[in-house]
Structure formats: C-alpha cells, structure tokens
4 protein chains.
Amino acid sequence: MAGSKYAYVKNYELPDNLLPGTFMIMRIDGHGFHRFSTEHSFAKPNDERALRLMDCAAQSVMDEYKDIVLAFGESDEYSFLFRKDTKLYNRRQTKLLSLILSLFTSSYIFHWPKFFPDESLNYPPSFDARIVLYPSAKEVRDYFAWRQVDTHINNLYNTAFWALVQQGGESTTRAHALLKGTVSAQKHELLFSRFGINYNGIPARFRKGSVLVRDEVKDARESGGHDFVPDAGTRTDLSEGSPLPDSSLAAGATPVAHQGKKKVKAIKTVRILHEDIVRNEFWDARPELLDG
Amino acid sequence: MAGSKYAYVKNYELPDNLLPGTFMIMRIDGHGFHRFSTEHSFAKPNDERALRLMDCAAQSVMDEYKDIVLAFGESDEYSFLFRKDTKLYNRRQTKLLSLILSLFTSSYIFHWPKFFPDESLNYPPSFDARIVLYPSAKEVRDYFAWRQVDTHINNLYNTAFWALVQQGGESTTRAHALLKGTVSAQKHELLFSRFGINYNGIPARFRKGSVLVRDEVKDARESGGHDFVPDAGTRTDLSEGSPLPDSSLAAGATPVAHQGKKKVKAIKTVRILHEDIVRNEFWDARPELLDG
Amino acid sequence: MAGSKYAYVKNYELPDNLLPGTFMIMRIDGHGFHRFSTEHSFAKPNDERALRLMDCAAQSVMDEYKDIVLAFGESDEYSFLFRKDTKLYNRRQTKLLSLILSLFTSSYIFHWPKFFPDESLNYPPSFDARIVLYPSAKEVRDYFAWRQVDTHINNLYNTAFWALVQQGGESTTRAHALLKGTVSAQKHELLFSRFGINYNGIPARFRKGSVLVRDEVKDARESGGHDFVPDAGTRTDLSEGSPLPDSSLAAGATPVAHQGKKKVKAIKTVRILHEDIVRNEFWDARPELLDG
Amino acid sequence: MAGSKYAYVKNYELPDNLLPGTFMIMRIDGHGFHRFSTEHSFAKPNDERALRLMDCAAQSVMDEYKDIVLAFGESDEYSFLFRKDTKLYNRRQTKLLSLILSLFTSSYIFHWPKFFPDESLNYPPSFDARIVLYPSAKEVRDYFAWRQVDTHINNLYNTAFWALVQQGGESTTRAHALLKGTVSAQKHELLFSRFGINYNGIPARFRKGSVLVRDEVKDARESGGHDFVPDAGTRTDLSEGSPLPDSSLAAGATPVAHQGKKKVKAIKTVRILHEDIVRNEFWDARPELLDG
C-alpha cells in the first residue's frame, strides 16, 4: 500500500488507541432484527434456534480472540469483555471493533443452516457494534448486571405478553393494556393463575441469557484438535450451572500451555452457562475475570 | 436499555461524530485472506469468482446506504466514498463503520454459493475496516488514484509472477528473483516475449479493479421493484465502460424521486465499471461525486 | 522524564494529532470578564485600552507563531487562523492549544501596565480556548464573517444601550425595554435623532473589531531587529485601512526570506486593521490566507 | 454567539468529554525555561524565589478549582490531580485544560513582583499543558512517584554538577564528564568529601518538590474571608512536614460546609508540604485523595 505519489493520503489515518489499564467491553446489536425475526418466523417470545445461533457466533469470536474472557448474550445482542491489560492490536479501537464484529457477523451467517435447517436465510442481516471503556471492576460488574437485569425485565414482560396473545386469545393492543403498569409479582401471578405457567420453570437460557466463560479442562486427551470448527448444535447443550464440560465442549478446547512434558496439559475451553451474573458468587468463583 | 440502577454505565459511551464538511472514505480489507484464498482454491493471479463476489457485497452496501456515491474494489479490499454532506447516523463513526462492515461481511457469506457453486465455504472469513476523513476533492481523487495505481502495480507483478510459475515452470523463489528490480516495461516485455501475453488484453477487471457508481436510468418500467435481492451473478456481467445498464442491472434500480406524476421517474442504479479513475475524464463526467 | 520504574505512566498519554489538510482556527475567550471589566473600571460600551491590550496580546502570539496567518479580535475574544498546511508541533492539538493560550494570557498580564498605567491589576484574569477544524476556505470565511457580524450586532446594541443610560438618563431596565425588538435601522435612527450620534462615525475598531495580518514591507532598513519586545502602545495606532505600517510597526518586522543579495529583503510584519472581512475585497487581496 | 447565517460554523466544534470514573491529572510545563531562567538570573541549581512563585501559581489554581485535590511541583512543572468523580465543566477536556492553564500562567506573571522584587520580567513566559487519564489509584500513585523520583534524580545531579562548577572551579564540560556514569551513592560521597555538603541537609523543597493538599482547619475564626487574594509571599513559608497551617495560610481558607450552626465550621485550606509521596504514609493519611 505504498509506492506511488498518491500514498500521502495514508497520512490522514489518525491513531485511535484506547486508554491502557481500562476494561474494554464490546457490544454487538442486531440491526433491524424486528423485521428479520418476522421474515424468518422466529418463535415468540423466544426462539431457541436463534439464541443458540447467537451463542455459536459469540463462541467463534472467543475461540479466535483469546483476550476476550467473558461474553454475555440475550435476544439479538452480545457483549464481550477483554482482559484489562490486553494489548491486542495495540488497543486500536477500529481494528478491534471491525475484526470482531466482522467475525461475529460472518459466523452468524455461516452457521445459520445448522440452527435453522428448515428455514433458509432470505437476506443478509447486519449488526452494529461499539466499544466502551470501563475503568474499574465495579463498572464492569454493573455493566453485566445491567444487561442481565434487562434480560429479565424484557423476558418476563414478553412471556406474559405472548401468553396473553397466543394462549389467552387477546389482541396485542389489549395485551399491552393489561400489562401496563404491572410490577414483576403481578406478571408472575398472571402467568401462573391464568396460564398455569411457573415463570421460574421456563428455560434458564430465556430468563438469564447466555454467559460464555473459559474454563479449565483437566484431561483433554479426548480432544479432537484445535482448529475444530465448532459444532455448536451439540456444544450448547449444557444446562445452567453445569459444573463440567461435556465431551463435545472439550472438542473445542485450546491448549494454553505446553510445558515440555506431554502429560501435563492446561486446557481451557469456552463454556456456555445460563446463570446469575448479578450476584457475587459468579465473580467470586472467577477472580481472573476482573484481574489486572 | 434503561430502567435499572445499573443503567448509569451507559454514560461511559462517548460521542464520536466525525467532522462535518469532510469526505468520509471507508475501506474494508480481508483479514487473513492469504490463507482463505488458499483454502478455497482461488485461481492465481486473479480469481474472477472471488472478485465478483466482492463486487456483489459492495453493491449490497450501496443498495442499502444511498449516501455512498462511489466504491472501488480490488483483490480483497473495497473503498466507499460518502457524499460530502452526509448526515447519516449523525456522522457517528462507530455506527457507520460497524453497520456497513457488518452488511458487507454478511453479504459476502450470503452470496458465496452463487459465485462458488462448486466450492463450499470451509470457515467464516472476516474483514477489518476504517473510516478516514479527507477535507477536499483533491485528496479524494488522490485516494482513489492511490488504490487504482496499487491495483495496477500488484496485478502486473502477479501476472508476470504466475506466468513464470504456471506456464514457465519456474519455482516461486526463482520467479521472485527474476522480477526483482524490473520496471513496468520490462514486465510487459517478459509477458509478451516469453508467454505471448499482451498485458493490455487481459480483462479490465483485473487491470483496473471495479468501480461502482450510481447512474440514472431513463425508463425503468421493467424494474421489478425496490426490495429486490440482487442477483449479482448476472448483474456483474457488464463490460468495462458499458454505456448503458442491461436489464438485469435495472432490476436492482431504486427510485429516488416520486413527483406525483407516475410517468416522470428519476431512477438511479448501481453500475459496475472497470475503467480509469486516475485521469480527469471519469471525474469530469460525474461532478456530483465531489460536490458539497 | 524517564528512568524509574514508574515511567510506564507516560504510556497513558495518547496522541491527539489534528486532521491534516484542514484549517485550524483557535479561539480564545475571556473567562468571567463581566466581573473583570467591572472591577477594573472598563469604559462602556467599549474600553479602548482593553481592546488595544487584547490586540497587543494577539500580536505577541503572531510574532511567535509564524504559521498563524490571520487573527480577529473583538471584546474579550480573539480568533487565530493557521495556514492550512501547518505542521507546527506535528498538529498536536493540546500542544498548540496550550502554548498559544498560555502566551496570550501571559502577554495580556505582562503588557497590562502599558495600556492601563493608572489602573493596577487586582487579580489574575484567565481565558479559555478551543481549536476547531474547518475543511475548506468557505467555512473559514464564514467563521470570520460570523465573528465580525457578531461584533457589529453587539456593538450597535451596546452603543445604543449605553447612550440611553449614560446620556439619556434611562435606567438599564428601561434601556433594555426600549431596544427590545428594534432592528438595526431603528437603532441607527435612535442614536442619531436622540443623541446626535452618527454610528458610522464611531471608531472602526469598535464597529469592526481588529484584524491582524502579515504584510510585506519593501524596505526594512529602519528595522530595529527581530527580537524586539513590542511597544504595543505605539504599534496599535494604525487607523482602519492604513495602507502602510508605521515605523513602530516595522520595528517588529521579521525577515522571511534571504535570497543571497543583501539588498533584496522580503520583510513581513504584523499589521492591525479595522476593516470589513465579510466581503470579498479583503480575501481577494490576500489569496495566501486560504491557500493550501 | 448565534443569530447570523454564518452561525452554522459552530457545528464544527466537536464534543471532547473525558471518560467518567477515571482520574484526570493535568501537568503544566514551562516552555523555553532554560532561556527564561538564564535571562532572569535564576540561581543554580535551585532558585527558591522561582520555586515559590510556581507554588503560588499552583495555589491560585487550587483556590479556584475545588475539584483539584492534590498538586505536585518541581522545577518548571506542576501536576494537578482532580478528584475521580469530578463533573467540572462536564469533564470537557479543552475547557478544563485551557481554563486551568490560563489561570496558572496569569497568576505566575501577576505574582512575579512579590517573589522577584529586584528582578523585572523581561518578556512574558509561557507553559504547555496536557491532561492524562488514569483508571486506578495505583497509576495515580505511580504517576506522582514518577515525578518525585525524577525530582530527586535531577536535583542530586544538579547539586553535584553546580558544586563542581561553582565551588570546585570545574568547567561545565568537565563537571559533566566527572558525573557521567556515577550512581547516587557516589554523588552523595562526592558532595560530602569534596565540598562538605550533606545532601540530606539541603532544603526539602529542593530535594522533594512541593506538595499541595487541602487540610482541614479546626478553628478558622482568624480567617479573613474567602475571596482573599493570596499573599503568596507569606503563605509559602511553611517548612517541610509542618503539621499545622500558620495563620497566613489560614487566611486563604475556604469554608466548605455551612451547617446552620455558626460554631461548627469545617474549613479546608491549601497547605504546602515537602515530603515523601512515594511511600504509603502520605497516601494512607489521606484516603480521600484516591476515593471514588
């Protein structure tokens, strides 16, 4: 990209390195997904295939970019936390943003047929993205709490709304009116008394979103190799809080240390959880997430 | 995205509006395309399928974002020029960059099977992107000259290199050595005398890259409508400098004015050219590209 | 500034170079000058001493920073135009802003006694500053028109207001009420019919502000040298449109070209004008101001 | 600043708010102070008048901007720490930088005659400035350690150097050569054995720089009021580590709380210390400096 007398135009590219010592969180959001979900017959209020596809695209990102230590997804959005001291691409904002967004998008389209075998993609969807800096662990925790509380609020509302419409035969206008001003307890009560639905019994994926972490795997002899293209259809079968990765997950494992002796392997693999990340337990068990 | 006590974290998002009154050029580059092209058996020195797929992805972007007035592509990169006074997304850098990059990526994967019917995609490719500001028409012209001169230099080299390897039976090491230090005229001469290749006879797409412009179509009665999903396989059949769009191109046309009377339609459509954009002729014929 | 194990903190300083090829305009504004002018008994509506002091501080800046080609001042503000292609301090925003603001401030205090020989400075005043980028000549001209039109509007209002109060014996409340909603012609008429004041006869400095330009001086034999500390009291005696610098101004002259022959000297000196910079004449006579 | 058709140029001013939740440190540095100190006959290696003037200018800044909680000065530079959560001027970088730098500069010139009664100012000096963000308390401590260690290294070197020149009769070239490659202990030894100077006996102001903090004053009855223009000549008489402000310092005190009852007053005043800020003691005694 040099050589000619025109190459001076390259000097107009200005540096955009992000402040060192801060946590970067990158959030990806579906663009125009209201229309996209309608045109592709997503189930309401949650389409498990669509959520699993989002999880799979996020996992592709974490498989490629090891400095991402945590991700959280709900609906048509996903947030990624980089380790605080990452020097990836010299912390150049545009480089990081564009590469990760592009891989996420690409993976979403690439893996579509696995999650929607009977629904062909009608047109290419797109996402937007941003990177926000947070100076301390407190704001990082509050960021993820913000997203998970949002998941809860939206999902409870949507569950009640679509129960009224789909099972209760209400119009959407009437369903909105019925829910207007209700508090959480009233929505729980409505679901239970009118539709026999115990809200806490619906899948944790819907209620809590998806949490991607890297966990260590002790014995990785069964591992099929590193460049394995994730078969997300099986990898995401983990139930909430599952303490151990199953073998399909281990298959996506990546060695992070080779210390001479073949038998000692520290293997980390990306796991999908659907658990509470607002309370302390999650973070206390993973101090490395917020370490310097 | 508000409501909970955690919503304060949104305040850490800082504005990133780009300077008004400047030209924005966004360039998208393939990431790791050396490996990608090898794993997908791209022809050397140019794979027409791959180039047409890039053109198609770029056209998807221009179909969606009307404030892009010009695009230029070569190899695994594409550059987009916005009209100077665009207020799209309030000129927010990250919003523009992410949406357009994501749509380009998405379109690339989505349209892959049309251009590579016999070559399945092995893994999801990704691209990076940047937006650079240019204050005046001069720098914009020089930017595009920079890219097209680069196309020429690279393509002449690659054409000579692969002729030596594929037809001349030279090793890649020896081919590099033979070309080292040669000037343009020597490469032309080598191609002609040793391989009978008239460099100026090879397709303009390879020598000049692809130029996407919006041209007016007088009569658009055949137009099939606006939300047409581009059939890029046929739309890109235009030869260099073709003065009129063929009917398949017109099918992607978009009305830009409806002035009451049905019969008066100003229709613009994206056309693909492979012509010189270094000299004045191209720009003189399209003064609107560099207007305020 | 290096050496110890703590020097890593320097890495948190991020680059802030301004876009090449754009015009930088830096504006300095008095901070809390309402109080400052009261505490230092500034004459109303204009204090010539205070305006001349501002001019003098601006001239100090232009004497030091040769890449500033034009300045415009009114009231407690001054704007500086850099030549478009300046590479001063590598166009680092904070460096330019801080050095020029600091010198302006310093000069203001330093030269105070010359302009206010009978009024001691009660406390140190301060200024704020900003640098704004403009991509083309048009916006630069409009910027300076904006400031000079503002000068006119404010000064006409203030002249009428203080005539009503000082000569007409009106209260300030009543003076405001009388002027509310009046257009320009009405204020002219009021000044003339009630107070016999021909607005166009008041000093151009008040009506048009101060314009600092660099003009060539043909014969600079009288020049006293370059590091002359400006005697702003005499240097600012120029009347509006004065075609030639007087000798005190020439004393601050700086040679900008030495072409071998000693006798041919191109000398440029900073001159103070009080003329129209909205219309074309000013700019047509000085094409170098807006050149690349 | 609005009204005319030219006012659109104001839209080119872009926001520059600094990231919330981070510590801002602003450093001011003398520009061309080598020449300035020579032309104003500063004593070598330290000029106490010049240092006290710097302290005085810094104190003016802290008197005016209450969100600055700590300052550290040495030689011709001063650093200011804002409290982490300051919302001053909405954290707009240019506004903060320019106002504080301008007041510092202005105060330096304004107070000059008090510290240099026998040395008139020959020309207006200037300073540059920058604001750097630090995400956590650790980096803030390391920043100040960086500056104070720098003070020590420079002062020890300069003390030895000027002893060799002034008392030892060495040329400056020879003095540099003698010190080249020596470690700290060797310089101490040289000073003691050759010149009888116990380095630790020279004034703490020279060895440790100046530290400005806000300390509470229990009884402020003697306080002369708030808008007191600092009499820096007396206010800076504090010796190192002095545990209590003297009455001249208290005179600059500012009430920070009025809780109804007149007798309960929490008064804070700026104090000047010359003590170690590398070790924990200083910070442990003032936890509020690094609080959120």
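Keep in mind the model is a prediction, meaning the values are calculated, not measured. (Residues numbered from 1 in each chain as written. Chains lettered and ligands numbered in written order. Predicted model: local features only at pLDDT ≥ 70, side-chain atom pairs only at ≥ 80, totals over all residues. Heavy atoms only, no water.)

1. Regarding the overall build of chain A
Thought 1: Secondary structure summary: chain A contains 10 helices and seven strands in total.
Thought 2: Burial analysis of chain A (292 residues in total) assigns 57% to the buried set.
Thought 3: In chain A, the share of contacts with a sequence separation of at least 24, taken over all contacts with a separation of at least 6, comes to 75%.
Thought 4: If you sum the accessible surface of chain A, you get close to 12,800 Å²; carbon and sulfur atoms cover 51% of it. (Helix = DSSP H or I, 4+ residues; strand = E, 2+ residues; numbered from the N terminus. Buried < 20%, exposed > 50% of the residue type's maximum accessible area, 1.4 Å probe, protein only. Contact = heavy atoms within 4.5 Å. Areas by Shrake-Rupley, 256 points an atom, 1.4 Å probe, with all protein chains shown as cover.)

2. A look at the packing of helix 2 (residues 48–64) of chain D against helix 3 (residues 93–115) of chain D
All names here are of chain D.
Thought 1: Relative to each other, helix 2 and helix 3 sit at 135°, their axes nearing to 8 Å. Relative to helix 3, helix 2 is oriented oblique. At the point where helix 2 passes helix 3, the crossing takes the right-handed sense. Residues Arg49, Arg52, Leu53, Met54, Cys56, Ala57, Ala58, Ser60, Val61 and Glu64 of helix 2 form the contact with helix 3, whose own contacting residues are Ile100, Leu103, Phe104, Ser107, Tyr108, His111, Trp112 and Phe115. (Axes fitted to C-alpha atoms, helices over the stretch in contact; angles between N-to-C directions. Parallel < 35°, antiparallel > 145°, perpendicular 65-115°, else oblique. Left-handed = near helix turned anticlockwise from the far one by under 90°.)

3. Concerning the pattern of salt bridges
Thought 1: Applying the stated criterion across every chain yields a total of 80 salt bridges over all chains.
Thought 2: The shortest N-O distance in the salt bridge between aspartate 29 of chain B and arginine 130 of chain B comes to 3.7 Å. One end of the pair, aspartate 29 of chain B, is in strand 1 (residues 23–31); the other, arginine 130 of chain B, is in strand 4 (residues 126–134), with 101 residues separating them in the sequence.
Thought 3: A salt bridge links arginine 147 of chain C to aspartate 150 of chain C; its shortest N-O distance comes to 3.2 Å. Remark: aspartate 150 of chain C and arginine 147 of chain C occur in helix 4 (residues 137–167); sequence separation between them is three residues, near one turn of the helix.
Thought 4: Among the residues examined, arginine 147 of chain C registers a relative accessible area of 0% and is labelled buried.
Thought 5: Salt bridges sharing partners connect three or more residues here, namely Lys10, Glu13 and Lys95 of chain A together with Arg27, Asp29, Asp128 and Arg130 of chain B. (Salt bridge = Lys/Arg side-chain N within 4 Å of Asp/Glu carboxyl O.)

4. Some details on the UniProt feature "binding site: GTP" (unreviewed entry) in chain A
Residues and elements named next belong to chain A.
Thought 1: The sites that carry the UniProt feature "binding site: GTP" (unreviewed entry) are, in the present numbering, Asp29, Gly30, His31, Gly32, Phe33, His34, Ser75 and Asp76. These residues run over 48 residues, yet every pair of their C-alpha atoms falls within 12.7 Å of each other.
Thought 2: Tracing the backbone shows histidine 34 in helix 1 (residues 33–39).
Thought 3: For histidine 34, a relative accessible area of 66% corresponds to the exposed category.
Thought 4: With respect to the secondary-structure elements, serine 75 resides in the loop between strand 2 (68–74) and strand 3 (77–82). (UniProt positions renumbered as here; feature names shortened; annotations may be inferred.)

5. Some details on the domain arrangement of chain A
Residue and element names in this part refer to chain A.
Thought 1: Partitioning chain A into domains gives domain 1 (13–136) and domain 2 (145–207).
Thought 2: Between the C-alpha centres of domain 1 and domain 2 the distance comes to 27 Å.
Thought 3: The interface is formed by 12 residues belonging to domain 1 together with 13 residues belonging to domain 2.
Thought 4: Together domain 1 and domain 2 conceal approximately 1,100 Å² of surface at their shared face, both sides included; 53% is due to carbon and sulfur atoms. (Domains from an automatic or database assignment. Buried area = accessible area lost by both parts, 1.4 Å probe.)

6. Quick notes on the relation of the copies chain B and chain A
Thought 1: Superposition of chain B onto chain A requires a rotation of 180° combined with a translation of 0.0 Å along the rotation axis, giving an RMSD of 0.0 Å. Taken together, the rotation and translation describe the operation of a two-fold axis.
Thought 2: Looking at chain B, 100% of its interface residues are interface residues in chain A too, so the copies touch through the same face. (Least-squares fit on C-alpha atoms with pLDDT ≥ 70 in both.)

7. Focus on the relation of the copies chain B and chain C
Thought 1: When chain B is fitted to chain C, the residual RMSD is 0.1 Å, and the transformation amounts to a turn of 180° plus an axial shift of 0.0 Å.
Thought 2: In this assembly the copies share their binding face: 86% of the residues contributing to the interface of chain B also contribute to that of chain C.

8. Structural notes on the interface of chain B and chain C
Thought 1: In this complex, chain B contributes seven residues to the contact, which on the side of chain C involves six residues.
Thought 2: Carbon and sulfur atoms make up 69% of the surface buried where chain B meets chain C, a total of about 530 Å² over both sides.
Thought 3: It is Leu19, Leu133 and Pro135 of chain B that lose the most area in chain B upon contact with chain C, and together they represent 67% of the buried surface on that side.
Thought 4: Here chain B and chain C share zero salt bridges between them.
Thought 5: Inspection of the region where chain B meets chain C yields zero residue pairs in polar contact (both at pLDDT 80 or more). (Polar contact = N/O pair within 3.5 Å; in protein donor to acceptor, adjacent residues only side chain to side chain.)

9. Notes on the interface of chain B and chain A
Thought 1: In this complex, chain B contributes 53 residues to the contact, which on the side of chain A involves 53 residues.
Thought 2: The junction of chain B with chain A conceals about 4,600 Å² of combined surface from both sides, 63% of it contributed by carbon and sulfur atoms.
Thought 3: Applying the counting rule to chain B against chain A returns six salt bridges.
Thought 4: The partner of arginine 27 of chain B in a salt bridge is glutamate 13 of chain A, and the shortest N-O contact between them spans 3.4 Å.

10. A few points about the side chain of aspartate 215 of chain A
Residue and element names in this part refer to chain A.
Thought 1: Mapped onto the secondary structure, aspartate 215 falls in strand 5 (residues 210–217).
Thought 2: Of the residues examined, aspartate 215 reaches a relative accessible area of 15% and is grouped as buried.
Thought 3: Reaching out from aspartate 215, the side chain makes a polar contact with the side chain of arginine 271 at a distance of 2.6 Å.
Thought 4: Setting aside residues up to four positions removed in sequence, aspartate 215 forms contacts with Ile267, Lys268, Thr269, Arg271 and Arg286.

11. Details of the pairing of strand 3 of chain A
Residues and elements named next belong to chain A.
Thought 1: The buried fraction of strand 3 amounts to six of the six residues, a majority that puts the element mostly inside the structure.
Thought 2: Of the two faces of strand 3, the one carrying Glu77, Ser79 and Leu81 and the one carrying Tyr78, Phe80 and Phe82 are both buried.
Thought 3: Relative to strand 3, strand 1 (residues 23–31) runs antiparallel, the two being bridged by five bridges. The residue bridging isoleucine 25 from the neighbouring strand is leucine 81, located in strand 3.
Thought 4: Sheet topology places strand 2 next to strand 3; six bridges connect them, and they run antiparallel. (Pairing = 2+ DSSP bridges.)

12. With respect to the nonpolar core
Thought 1: Within the largest apolar cluster, 278 residues are counted, with the highest numbers of intra-cluster contacts made by Tyr108 of chain A, Tyr108 of chain B, Tyr108 of chain C together with Tyr108 of chain D.
Thought 2: Setting aside anything within four residues of it in sequence, one finds tyrosine 108 of chain C in contact with Phe33, Phe36, Phe42, Leu53, Met54, Ala57, Pro125 and Phe127 of chain C. (Core = buried A, V, L, I, M, F, W, Y, C linked by side-chain atoms within 4.5 Å.)

13. Details of the confidence of the model for chain A
In low-pLDDT segments, the atomic positions of the prediction should not be examined closely.
Residue and element names in this part refer to chain A.
Thought 1: Taken as a whole, chain A shows an average pLDDT of 87; of its residues, 82% reach a score of 70 or greater.
Thought 2: Every residue in residues 220–261 is under pLDDT 50, and counting partners more than four places away or in other chains gives 70 contacts.
Thought 3: This complex was scored by the predictor with a pTM of 0.88 and an ipTM of 0.86. (pLDDT = per-residue confidence, 0-100.)

14. Focus: the packing of aromatic side chains
Thought 1: Tallying each qualifying case throughout the model produces 96 aromatic pairs over all chains.
Thought 2: The rings of Phe33, Phe36, Phe42, Tyr78, Phe80, Phe104, Tyr108, Trp112, Phe116, Tyr123 and Phe127 of chain A are connected pair by pair, giving a single aromatic cluster.
Thought 3: Seen from the ring of tryptophan 146 of chain D, arginine 147 of chain D lies directly overhead, with NZ or CZ sitting 4.3 Å from the centre. (Phe/Tyr/Trp six-rings, centres within 6.5 Å; stacked < 30°, edge-to-face > 60°. Lys NZ or Arg CZ within 6 Å of the ring centre and 35° of its normal.)

15. Concerning helix 3 (residues 93–115) of chain A
Residue and element names in this part refer to chain A.
Thought 1: Taking 1.5 Å of rise per residue, the 23 residues of helix 3 would be expected to cover 33 Å, and the 32 Å separating its terminal C-alpha atoms lies within 8% of that figure.
Thought 2: Where helix 3 bends most, at isoleucine 109, the angle is about 30°, and the proline proline 113 comes one to four residues later.
Thought 3: Across the 23 residues that make up helix 3, a large majority, 20, are buried. (Expected span 1.5 Å × (residues − 1). Bend = angle between axes of the 7 residues up to and from the residue.)

16. Some words on the packing of helix 4 (residues 137–167) of chain D against helix 5 (residues 172–179) of chain D
All names here are of chain D.
Thought 1: Closest axis-to-axis distance for the helix 4/helix 5 pair is 9 Å, and the angle between their directions is 135°. Classed by the angle they form, the pair helix 4 and helix 5 counts as oblique. When the axes of helix 4 and helix 5 are compared, the crossing they make is right-handed. Mapping the contact onto sequence places Tyr157, Ala160, Phe161, Leu164 and Val165 in helix 4 and Thr172, Ala175, His176, Leu178 and Leu179 in helix 5.
Thought 2: For the contact of helix 4 with helix 5, the per-class residue count stands at eight nonpolar, two polar and no charged. (Nonpolar A, V, L, I, M, F, W, Y, C, P; charged D, E, K, R; others polar.)

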